Amino acid sequence: MGSWRRSCYCADVSSAQNGQTLILMGWVQRRRDHGGLIFVDLRDRSGLVQLVFNPEASNEVHDKAHDIRNEFVLAVKGIVQKRPEGTENPNLKTGQVEVAVAELRVLNDAATLPFMIEDETDVAEMTRLKYRYLDLRRAPLQNKLILRHKVAMATRNYLTENGFLEIETPVLTKSTPEGARDYLVPSRVNPGQFYALPQSPQLFKQILMISGFDRYFQIVKCFRDEDLRADRQPEFTQIDAEMSFVDREDVMKMMEGLVVRIFREGLGLDLNPPFPRLTYAEAVGRFGVDNPDVRFGLELKDLTEMLKGSGFKVFNDAAAKGGVIKAVCVKGGAGFSRKDLDDLTEIAVSFGAKGLAWVKITEEGWQSPIAKFLTDVERQDIATILEASTGDLLLFAADKPSIANTVLGRLRLNIGNRLGLIPKEGFNFVWVTEFPMLDYDDAEKRYVAVHHPFTAPMDEDLEKLDTDTLKVRAKAYDLVLNGSEIGGGSIRIHRSDVQAKVFEKLGIKLEEAQERFGFLLEALKYGTPPHGGIAFGLDRIMAIMTGSESIRDVIAFPKTQKATDVMSDAPSTVDQKQLDEIFIRIAVPKKAEAPAKA
RNA sequence: GGGGCCGUAGUUAAGUCGGUUAUAACGCUGGCCUGUCAAGCCAGAGGGCGCGGGUUCGAGUCCCGUCGGCCCCGCCA
């Protein structure tokens, strides 16, 4: 490009510069060769501007333009001119003008691309990921990453203005037994020992509170070696924050302010806090899940009291075993086909139900495999509670509460989608509070922390820790956006005796607690302020803000479902020498052995 | 660990009940063309059907296995 320096971005060219000579640089979006005139759309991250090569102006430049191909990198010097009347392009920001090229420098050529750089694409995601640098040339992806930057800046600005300090925490940390599977990193200097990549900076941010930093935040990578989903990557980014001398209300209020700021600076939208709240019990009771999508109805109703003595054995047995009988009413759902009902049954079974009882209320009465087990009075009562009328479909789940709620909660979402009940536009926030502190893991036969082991119990529930363990509620809160959990946090335990007690309830022996979390227990002794915080999943927030199906679309270099990077081909085998240095011997069973890469 | 969907030119897809030389569009190459912007018109090149095995006179089509992608259950404090 020699001494040339560009005057502005492509999309910044406007009629205000009419007659001026500009230098532009960018990629060739498309060449339209009329034999005489040649048009080239020049693209950079700002957008497009049309270049014109006219043989009457310069034969030499026009000849050079003939060899231009898609994605060549060009530098041009030319004069901004208004397009001739009738040739303006209203679809382009720069559509009123064009640049008549006087000098052309081809900075680089480009091989024929595996796919076109276009806003709309139906190229397989695998191909797009392999050539991620090309996929990232597409405006939709560029815009998503630009918005992500704006959100990060809004976060830094807001939290900084509110006295938070951005402090880095280690990436090579200590493995802890609770929670997700750790990514491990061998220590060459300490043979046979391993670091773990952080699942979150949880312990470090608490330690920073103990150190007196008072308010901390970080936009930070976290790592969890678990199976992937559309909204889960093995490495993901959290907006992580912690505050001292606060209770739940203080944290939630501060973070509502953050979310408001993010949406204002990111999308120009004004949210109106405070966001509505549901307790965990309400959320699960009415919506079946702890991340309720409250944008539509179809709420769950409890029929246990009413039907526990009914003539239907499935209902009776469930109730007798301490389970619940719940139902939803699908307005107008009586038109569902046999196949629809089979689909719904399949979903119910996949979430642990033994089957799905349904009733169609038709002009001819109750059409249902279970109708014959219910009396007229019972039918009347069910219809009243479910506010059901002719043309509706009723779906029942009778099981232990966790299964009945999950099944109906998932059916609710499926049906909401199926019937188009969920508004496509808009951002609906809800806090979910008062989570149970502990859950019982049947497989491991022990209590596990619902949030994490450092979450404080609610003061009034503290004494129930031994007597009514599962009833103890935590000072925890999740923020749910359009039915996705986008953040969660809690007030932490700040007393070492309470922390030790919780470890005990979790079945972590004193020695193990000392071994794994000893530094925290020790630190808690030396004057720990009451503190609490939250972490937001930045990727999930960005996916919802940009209307993306998967968080892969808001991550520059995401991984596939098998946790590989198809562009760089990570992970891969390493030299024996590298293994020797860290004292690692490979013992992969034959079947799981990595196949030779082609 | 399990369930579902999908692998055919560079890309996106079609390919019937197994049957000649595997189609199309876009892209690509060449030519024509001075107001296009998904430019247009004409001509052309390009794959042996993810991979391996099997059945068959014959397999892109059937069977078995395997690899990969996506969605989901489990898992993810």
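Refer to the structure printed above.
Residues numbered from 1 in each chain as written. Chains lettered and ligands numbered in written order. Predicted model: local features only at pLDDT ≥ 70, side-chain atom pairs only at ≥ 80, totals over all residues. Heavy atoms only, no water.

Caption draft 1: Looking closely at the protein's contact with RNA strand B. In the vicinity of RNA strand B there are 51 residues, among which Arg30, Thr87, Glu98, Ala449 and His451 approach most closely. The sugar-phosphate share of atoms of RNA strand B within 4 Å of the protein amounts to 51%. The backbone of Gly35 places a nitrogen or oxygen atom 3.2 Å from a base nitrogen of RNA strand B. The backbone of Pro114 places a nitrogen or oxygen atom 2.8 Å from a sugar or linking oxygen of RNA strand B. Elements supplying a minimum of two residues to the surface near RNA strand B: strand 1 (21-33), strand 2 (38-44) and helix 2 (125-130). Per element, the largest residue contribution to the surface near RNA strand B is three residues, and it comes from strand 1. Class assignment of the residues belonging to the surface near RNA strand B gives a composition of 15 nonpolar, 17 polar and 19 charged. (Near = heavy atom within 4 Å. Polar contact = N/O pair within 3.5 Å; in protein donor to acceptor, adjacent residues only side chain to side chain. Helix = DSSP H or I, 4+ residues; strand = E, 2+ residues; numbered from the N terminus. Nonpolar A, V, L, I, M, F, W, Y, C, P; charged D, E, K, R; others polar.)

Caption draft 2: Fine view of the nonpolar core. Core analysis: the biggest nonpolar cluster contains 72 residues, and Met255, Phe429 and Phe536 have the highest contact counts within it. Among the elements that take part in this core, helix 6 (residues 248-267) stands out by supplying nine residues, more than any other. What Met255 contacts, discounting residues up to four positions off in sequence, is Leu159, Phe164, Ala241, Trp431, Ile534 and Phe536. (Core = buried A, V, L, I, M, F, W, Y, C linked by side-chain atoms within 4.5 Å. Buried < 20%, exposed > 50% of the residue type's maximum accessible area, 1.4 Å probe, protein only. Contact = heavy atoms within 4.5 Å.)

Caption draft 3: Highlighting the side chain of Thr173. Here Thr173 shows up in the loop between strand 6 (165-166) and strand 7 (184-186). Not counting residues up to four positions away in its chain, the partners in contact with Thr173 are Tyr195, Ala196, Leu197, Pro198 and Phe204.

Caption draft 4: Broad picture of the pairing of strand 5 (residues 97-108). Of the pairings in the sheet, the one linking strand 3 (residues 47-53) to strand 5 comprises two bridges and is parallel in character. Across the sheet, the residue bridging to Val52 is Ala100, located in strand 5. Inspection of the sheet shows strand 4 (residues 73-82) paired to strand 5 by ten bridges, in the antiparallel sense. Considered in strand 5, the bridge of Lys82 is made with Val97. (Pairing = 2+ DSSP bridges.)

Caption draft 5: Focus on the sheet that holds strand 6. The eight strands lie next to each other as 6-9-10-22-21-20-17-11, forming an open sheet whose pairing is mixed. A single partner strand is all that each edge strand has here, and the edge strands are strand 6 and strand 11 (277-279). Two elements, strand 9 (residues 215-223) and strand 10 (residues 235-244), share nine bridges in a ladder whose sense is antiparallel. The residue bridging Phe217 from the neighbouring strand is Ala241, located in strand 10. Sheet contacts for helix 4 (residues 139-161): strand 6, strand 9 and strand 10; angle to strand 9, the most-contacted strand, approximately 150 degrees. (Axes fitted to C-alpha atoms, helices over the stretch in contact; angles between N-to-C directions.)

Caption draft 6: Representation of the pattern of salt bridges. Scanning the entire structure with this criterion turns up 45 salt bridges. Two residues, Lys501 and Asp466, come together in a salt bridge whose shortest N-O distance is 2.7 Å. Of this pair, Lys501 sits in helix 14 (residues 496-505) while Asp466 sits in helix 13 (residues 464-467), and the two are 35 residues apart along the sequence. A relative accessible area of 24% places Lys501 in the partly exposed class. Through salt bridges with shared partners, a single network forms among Arg128, Arg132, Asp135, Arg138, Lys144 and Asp553. (Salt bridge = Lys/Arg side-chain N within 4 Å of Asp/Glu carboxyl O.)

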